[in-house]
Amino acid sequence: MNVKQLDLSRRTIALAAALIGTVSLVIGAHAALNMRAIDAAKAVSTDQITGSIGQTSRLALVIGNGHYPDASAPLTQSINDARALSSSLRKNGFDVDMVEDATKDDMVRAVTRLKSRITRDSVVMLFFGGYGVQAGRESYMLPVDAVIWKEGDVRRHGVSIDGVLDMMKEQGAKAKLVVVDASRRNPYERRFRSYSHGLAPISASDNALILTSASPGKVVDDGKGEHSVLVSEFLNNLSKPGSAESVFNKTRLAISRASEGDQVPTVSSSLLEDVRFGEAGG
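Rules of the game
Residues numbered from 1 in each chain as written. Predicted model: local features only at pLDDT ≥ 70, side-chain atom pairs only at ≥ 80, totals over all residues. Heavy atoms only, no water. 1 Å grid on protein atoms, 1.4 Å probe; cavity = no way out; pocket = protein on both sides within 12 Å on 5 of 7 lines; lining within 4 Å. Points joined across faces, edges and corners; volume = space filled by probe spheres on them. Nonpolar A, V, L, I, M, F, W, Y, C, P; charged D, E, K, R; others polar. Buried < 20%, exposed > 50% of the residue type's maximum accessible area, 1.4 Å probe, protein only. Helix = DSSP H or I, 4+ residues; strand = E, 2+ residues; numbered from the N terminus. Pairing = 2+ DSSP bridges. Polar contact = N/O pair within 3.5 Å; in protein donor to acceptor, adjacent residues only side chain to side chain. Contact = heavy atoms within 4.5 Å. Axes fitted to C-alpha atoms, helices over the stretch in contact; angles between N-to-C directions. Salt bridge = Lys/Arg side-chain N within 4 Å of Asp/Glu carboxyl O. Core = buried A, V, L, I, M, F, W, Y, C linked by side-chain atoms within 4.5 Å.

Q: In this structure, what is going on with empty space enclosed by the protein? I would like to understand it.
A: Over the atoms, a rolling probe the size of a water molecule traces out where space has been left empty. Under the criterion given, the structure shown has one cavity of 30 Å³ or more. Quantified by volume, the largest cavity comes out at close to 60 Å³. Looking at the lining of the largest cavity, its residues break down into three nonpolar, three polar and three charged.

Here it is, written out as structure tokens:
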């Protein structure tokens, strides 16, 4: 073998070695990428599993109705209350759906949205500020487009609070919290009743906690502050760490004392879960 042939053989061997090395690098890189993809998939799977176990979702539907065409003046406090409460609930870990000046369709759609998101790990809260009327021993939240001349119109145009509670129960909510600030004199009842008599009792069955601004059958006048008396005291107590029952009861007691018994909110409870405020997500 001459020198040229030997040199060519060496070059061929070197080229082959380089080619083999390149192929090995490509195979190694591909394998590494595959391992990363597998690890990433495992991580996502693990996150999905751990995220679905032991976590409690907090959902809130907040409705503030203030501009009723049949009223002599708007309920500005209801809008202020809804906005302030929404902000406070978000700080407490709630995913809030807030609706202002809701029509009947708006309210039905909002309740439907809430229904679609409730799971058996959900703590669910409903707040309504506006006009409420009782009919057939049920309390109804009135939308701003309600047309009411007789008691039957309340059922057709209103949204039943008991009905929303029943929906929460059917969806298997872990706990149900309700705050209703609607025991106001309204422009509707006097059309078909000789007197206005507030809301009907709202049953707190099956792990529920309910706060209304006045005793059943009673009405209260709005003050002149930015917020209603009920929501003002509720926000004050909501900002402090404590159980939901403690917040509701402290609110009731503060209003009763401040009004010297003229306004006595009602708290009804069958709550079994330890729902706490003042601690985001707690």
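Having seen the structure, we can now continue with the description.
Q: Got a minute to help me understand the pairing of strand 8 (residues 208-212) in this structure?
A: Looking along a regular strand, one sees the side chains alternate between the two faces of the sheet. Counting buried positions along strand 8 yields five of five residues, so the element is predominantly enclosed. Taken together, the five bridges between strand 7 (residues 175-181) and strand 8 define a ladder with parallel strand orientation. Along strand 8, the bridge assignment pairs Lys 176 with Ala 208. Where strand 8 meets strand 10 (residues 266-269), four bridges bridge the pair, whose relative direction is antiparallel. Residue pairing for strand 10: Ile 210 is matched across the bridge by Ser 268.

Q: Before we go on, may I ask you to explain the side chain of Ser 183 in this structure?
A: Among the structural elements, Ser 183 can be located in the loop between strand 7 and strand 8. Polar side-chain contacts of Ser 183 include one of 3.5 Å to the side chain of Ser 213. Beyond its immediate chain neighbours, meaning those up to four positions away, Ser 183 contacts Leu 199, Ser 213, Ala 214, Lys 218, Val 219 and Val 220.

Q: Can you walk me through the side chain of Arg 193 in this structure?
A: Mapped onto the secondary structure, Arg 193 falls in the loop between strand 7 and strand 8. Residue class for Arg 193 comes out buried when judged on its relative accessible area of 16%. Here Gln 134 takes part through its backbone oxygen, which lies 2.9 Å from a polar atom of the side chain of Arg 193. Beyond its immediate stretch of four places on either side in the chain, Arg 193 contacts Val 133, Gln 134, Ala 135 and Glu 151.

Q: Just to check I follow, could you spell out the sheet that holds strand 2 (residues 95-100) for this structure?
A: The pairing of strands in a sheet comes from backbone hydrogen bonds and takes either a parallel or an antiparallel form. One open sheet holds the six strands; their spatial order is 2-1-3-7-8-10, and the pairing between them is mixed. Of all the strands in the sheet, just strand 2 and strand 10 have a single pairing partner and so form its edges. For this sheet, the mean inter-axis angle between neighbouring strands, taken without regard to orientation, is 10 degrees. As paired strands, strand 1 (residues 57-64) and strand 2 are joined by six bridges and run parallel to one another. In the sheet register, Ile 63 faces strand 2, and the bridge partner there is Val 99. Along the sheet, helix 5 (residues 161-170) contacts strand 3 (122-129), strand 7 and strand 8; its crossing angle with strand 7, the most-contacted strand, is approximately 165 degrees.

Q: Would you mind showing me how to read the pattern of salt bridges here?
A: Two side chains of opposite charge can pair, provided their charged atoms sit close to one another. All chains considered together, the criterion is met by 15 salt bridges. Put simply, Arg 109 and Asp 106 hold a salt bridge, and the shortest N to O gap is 2.8 Å. Note that Arg 109 and Asp 106 are positioned in helix 3 (residues 104-117) at a spacing of three residues, about one turn of the helix. Exposure remark for Arg 109: the relative accessible area of 46% places this residue in the partly exposed category. Using a relative accessible area of 24% as the deciding quantity, one classes Asp 106 as partly exposed. Each member of the salt-bridge network shares a partner with another, and the members are Glu 151, Arg 155, Glu 189 and Arg 193.

Q: Is there a simple way to explain unusual backbone geometry in this structure?
A: Here Asp 101, not a glycine, exhibits a phi torsion of approximately 45 degrees, which is positive. Checked against the element boundaries, Asp 101 lands in the loop between strand 2 and helix 3. In this structure, Glu 260 is a non-glycine residue whose phi angle is positive, near 55 degrees. Structurally, the position occupied by Glu 260 is in the loop between helix 7 (244-258) and strand 10.

Q: What is the right way to look at the nonpolar core in this model?
A: The nonpolar side chains of soluble globular proteins are, as a tendency, buried together. Judged by nonpolar contacts, the single largest core of 42 residues is most densely connected at Leu 61, Tyr 68, Leu 114, Ile 118, Met 141, Val 164 and Met 168. With five residues, helix 5 is the largest single contributor of residues to this core. Among residues more than four places away in sequence, those in contact with Leu 114 are Leu 59, Leu 61, Val 124, Met 167 and Met 168.

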